[in-house]
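So you can see what is in the structure, the chains are spelled out below.
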Amino acid sequence: MSSKTSLFKKFYILYQIIGLVLIYFVYYWIVQYRGGFSFTEPKIIFNWHPLLMTIAFLYLFANAILHYRTFPNNTKQKLKNQHALIHGCILILIVLAGFAAFVSHQYGKPQIPHLYSLHSWLGVITIIMFLSQLISGLWCFLYPGVAAQHRETLAPYHVLFGICIFILAVATALLGFCEKIIFALSDKYKLLPAEAVLGNILGIVCVFYCILVVYMITKPEFKRQPKLEYETLLK
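All chains use their own residue numbering, which begins from 1 and follows the written sequence. Only residues with pLDDT of at least 70 are given local features in this predicted model, and only at 80 or more are side-chain atom pairs given and counted; all residues enter the totals for whole chains, interfaces and linings. Water and hydrogen atoms play no part in the side-chain values, which are based on all heavy atoms of the structure.

### Examining the packing of helix α3 (residues 48-65) against helix α8 (residues 194-218)
Here an axis means a line fitted to C-alpha atoms, over the contact stretch when the element is a helix, while the angle between two N-to-C directions is reported on a 0 to 180 degree scale. Secondary structure elements follow DSSP: runs of H or I no shorter than four residues count as helices, runs of E no shorter than two count as strands, and numbering proceeds from the N terminus. Orientation of α3 relative to α8, taken along the N-to-C sense of each, is 10 degrees, at an axis distance of 10 Å. By the angle class used here, α3 and α8 are roughly parallel. Residues Leu58, Tyr59, Ala62 and Ile65 of α3 form the contact with α8, whose participating residues are Cys206, Tyr209, Val213 and Ile217. The class makeup of the residues in the contact of α3 with α8 is eight nonpolar, no polar and no charged. Throughout, the term roughly parallel applies to angles under 35 degrees, roughly antiparallel to angles over 145, roughly perpendicular to angles from 65 to 115, and oblique to all others. By definition, residues are in contact when any of their heavy atoms lie within 4.5 Å. Charged means Asp, Glu, Lys or Arg here, nonpolar means Ala, Val, Leu, Ile, Met, Phe, Trp, Tyr, Cys or Pro, and polar covers whatever is left, Gly included.

### Remarks on the confidence of the model for the protein chain
One number per residue, pLDDT, summarises how confident the predictor is, and it ranges from 0 to 100. On average, residues of the protein chain score 92 in pLDDT, and 95% of them are at 70 or above. Contacts from residues 229-235, a stretch scored under 50 in pLDDT, to residues over four places away or in other chains number 17 contacts.

### Some thoughts on the packing of aromatic side chains
The relation between two aromatic rings is expressed through the spacing of the ring centres and the mutual angle of the planes. Each Phe, Tyr or Trp ring, with Trp reduced to its six-membered ring, pairs with another whose centre is within 6.5 Å; inter-plane angles below 30 degrees give stacked pairs, above 60 give edge-to-face pairs, and intermediate values give tilted ones. All chains considered together, the criterion is met by 16 aromatic pairs. A centroid spacing of 5.6 Å and a plane angle of 70 degrees characterise the contact between Tyr12 and Tyr15, whose relative ring orientation is edge-to-face. With Tyr12 and Tyr15 both in helix α1 (residues 3-33) and three residues apart, the pair spans about one turn of that helix. Looking at Tyr12, the relative accessible area reads 26%, which means it is partly exposed. For the pair Tyr27 and Phe37, a centre-to-centre distance of 5.9 Å together with 20 degrees between the ring planes defines the contact as stacked. Pair noted here: Tyr27 is in helix α1 and Phe37 is in the loop between α1 and α2 (42-45), with a separation of 10 residues, a long-range link. Accessible area is worked out with a 1.4 Å probe on protein chains only. A residue is then buried under 20% of its type maximum, exposed over 50%, and partly exposed in between.

### Concerning the nonpolar core
Side-chain atoms within 4.5 Å are what join buried Ala, Val, Leu, Ile, Met, Phe, Trp, Tyr and Cys residues into a set we call a nonpolar core. If you look at the biggest cluster of nonpolar residues, it comprises 54 residues, and the most contacted ones within it are Tyr15, Leu58, Ile90, Phe130, Phe166, Tyr209 and Val213. Looking at this core, the elements that each hand over two or more residues are α1, α3, α5 (76-107), α6 (118-142), α7 (148-185) and α8. Among residues more than four places away in sequence, those in contact with Tyr209 are Tyr15, Ile18, Gly19, Leu22, Leu58, Tyr59, Ala62 and Phe166.

### Regarding the packing of α1 against α8
Helices that pack against each other are described as a pair by the angle of their axes relative to one another and the distance between those axes. Between α1 and α8, whose axes approach to 10 Å, the crossing angle comes to 155 degrees. Relative to α8, α1 is oriented roughly antiparallel. Here α1 and α8 pass one another in a crossing that is left-handed. Looking at the contact of α1 with α8, its residues break down into 24 nonpolar, one polar and one charged. What makes a crossing left-handed is the near helix being turned counterclockwise from the far one by less than a right angle; a clockwise turn instead makes it right-handed.

Set out below in structure tokens:
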């Protein structure tokens, strides 16, 4: 095992642990302070939104953009298929999370307006960027009729756009967590109760997680090296 591979595996284990801890923190916060989960009560239906979005846009999307570096010995075509499959799972979770927010706002008492906050605006932008990335990726990298030279040209922009989406998703999540906790605690937030402390820690973990993932995806030494196989024709 080379030193580069060994270092990447250490970072990989660290970011997986942090990602899972992040999901657990969100789950614990919702169960402990926000009433848990429900499929029938509008106010609590919303709680699916932060959990599913955290799993989709923070954890699974990070795994998707690091997938090529994580499994460098797989063939390029297999990696492409797996990369697309992860994005498909993300899309399903995004739809469910968005539906939970819509139902909660629409049928809550009192009814809550849709898409009025900066968090929701950035969320819409993030989803639009994700969908455009997904569609363009499916067409360019999986559709057999696209010439290899076009794939070579678009690949760096595809990677850059993916990093931008991930950073924007983290920023949107931070705003969402902060917004939810401030609305829930109101004037109590400035007294820093336990829920506020947990929310602040959650935000710090998100920032550290984002820095770690971006570092791993941009470090040249971690980039997958092409194999001497047919994949030169399938880039």
